[in-house]
Amino acid sequence: MKILAVSDEATLERYSPETLKEMFKDIELIVSCGDVSNRYLDYLFTVLNKECIYVNGNHIYAQDHDISFCKNLDFGENYTVKGIKIVGFDGSHIYSRGNHQYSEKDVFFMVMKSYLKTMFKTVDLVISHSPVGGINEGDDPIHKGFNSYRKAIDLLKPKYWLHGHVHLKSHHEIKEAELENTKIINVFGYKVLDLDFS
């Protein structure tokens, strides 16, 4: 499945609809790992006319802009697209009184709830805003990953895990890792990913 994954920086908003249609004519799904505006997701959805799923980051821009036509997977919700089972986790570590900020305990319960919702079955793809603890994470406490996500990998056994939150020098930079046969990819800006779920 060819996926357009975005997060943290609205890199594509400067492109015209015609250019976007040509650049992404063969994608099958839009995925957002958070910290982009609702208007941006609306623009991508409208121009590309492809299903869009997302999790919220620790920032929500244009929150009042309706994107109910996109599927939100916050709090460990699960969803199936073209036979691909997907789970989502929103937010970051606690650093203020804002929304979508969690402790490790919060995330652990989110992971267990998600496992119950999937009926104890494995999934194909996990999307999150924050990274997995110890992998692709930032240096400061806010941008550290959640160790509880390692439990999610152990239980859900996804083939791929996409995240945002950790900014890179540009969207061209590649930051990937592997843990227990799960490929973990930072999709800062945007990435076009041809994911094999066979």
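Above this text is the structure in question.
Predicted model, so just to flag it, every value in this text is computed and none were measured. (Residues numbered from 1 in each chain as written. Predicted model: local features only at pLDDT ≥ 70, side-chain atom pairs only at ≥ 80, totals over all residues. Heavy atoms only, no water.)

**Section: the overall build of the protein chain**
Moving on, step 1. When its secondary structure is counted, the protein chain shows four helices and 13 strands.
Moving on, step 2. For the protein chain, the C-alpha radius of gyration of 15 Å lies close to 16 Å, the compact-globule estimate for 198 residues.
Moving on, step 3. Across its three principal directions, the C-alpha atoms of the protein chain cover 45 × 40 × 30 Å.
Moving on, step 4. When each of the 198 residues of the protein chain is scored for burial, the buried share is 53%.
Moving on, step 5. Long-range contacts, defined as pairs at least 24 residues apart, comprise 65% of the intrachain contacts of the protein chain with a sequence gap of at least 6.
Moving on, step 6. Only carbon and sulfur atoms are counted for the fraction: they give 49% of the accessible area of the protein chain, which is about 9200 Å². (Helix = DSSP H or I, 4+ residues; strand = E, 2+ residues; numbered from the N terminus. Rg over C-alpha atoms; globule rule 2.2 N^0.38 Å. Buried < 20%, exposed > 50% of the residue type's maximum accessible area, 1.4 Å probe, protein only. Contact = heavy atoms within 4.5 Å. Areas by Shrake-Rupley, 256 points an atom, 1.4 Å probe, with all protein chains shown as cover.)

**What about the sheet that holds strand β3 (residues 52-54)?**
In a beta sheet, neighbouring strands pair by backbone hydrogen bonds and run either parallel or antiparallel.
Moving on, step 1. Pairing within the open sheet is mixed, and its five strands lie in the order β4-β3-β2-β1-β13. A strand with exactly one partner marks an edge of an open sheet, and here the two such strands are β4 (71-72) and β13 (189-194).
Moving on, step 2. Sheet topology places strand β2 (residues 29-32) next to β3; three bridges connect them, and they run parallel. The residue of β3 that forms the bridge with Ser-32 is Tyr-54. (Pairing = 2+ DSSP bridges.)

**A word on the side chain of Asp-42**
Moving on, step 1. Position of Asp-42 relative to the elements: it lies in helix α2 (residues 38-48).
Moving on, step 2. Notably, Asp-42 is buried but unbridged: the nearest opposite-charge side chain belongs to Arg-39, and the N-O separation is 7.4 Å. (Lys, Arg positive; Asp, Glu negative; His and termini not counted. Salt bridge = Lys/Arg side-chain N within 4 Å of Asp/Glu carboxyl O.)

**Notes on helix α3 (residues 104-117)**
Moving on, step 1. In a regular helix each residue adds 1.5 Å, so 14 residues correspond to 20 Å; α3 covers 20 Å between its end C-alpha atoms and thus fits that length.
Moving on, step 2. Along α3, the positions that sit buried rather than exposed are Val-107, Met-110, Val-111, Ser-114 and Tyr-115. Considered in projection along α3, the buried side chains sweep an arc of 135 degrees and stay on one side of the axis. Residues of α3 that are exposed and point over 90 degrees away from its buried face: Lys-105, Phe-109 and Leu-116.
Moving on, step 3. Considering only its buried residues, α3 is in contact with β6 (84-89), β8 (101-102) and α4 (148-156).
Moving on, step 4. Downstream of α3 by one or two residues, Met-119 has phi in the positive range, about 60 degrees. (Expected span 1.5 Å × (residues − 1). Arc of directions from axis to C-beta.)

**Focus on the packing of aromatic side chains**
Moving on, step 1. Tallying each qualifying case throughout the model produces eight aromatic pairs.
Moving on, step 2. Ring centres of Phe-24 and Tyr-190 lie 5.8 Å apart, and the angle between their planes is 85 degrees; on these two criteria the pair is classed as edge-to-face. Residue Phe-24 is located in the loop between α1 (17-23) and β2, and its partner Tyr-190 is located in strand β13; the two are separated by 166 residues in the primary sequence.
Moving on, step 3. Owing to a relative accessible area of 4%, Phe-24 belongs among the buried residues under this scheme.
Moving on, step 4. The class for Tyr-190 is buried, based on a relative accessible area of 13%. (Phe/Tyr/Trp six-rings, centres within 6.5 Å; stacked < 30°, edge-to-face > 60°.)

Don't take any of this as a statement about function, it's just geometry.
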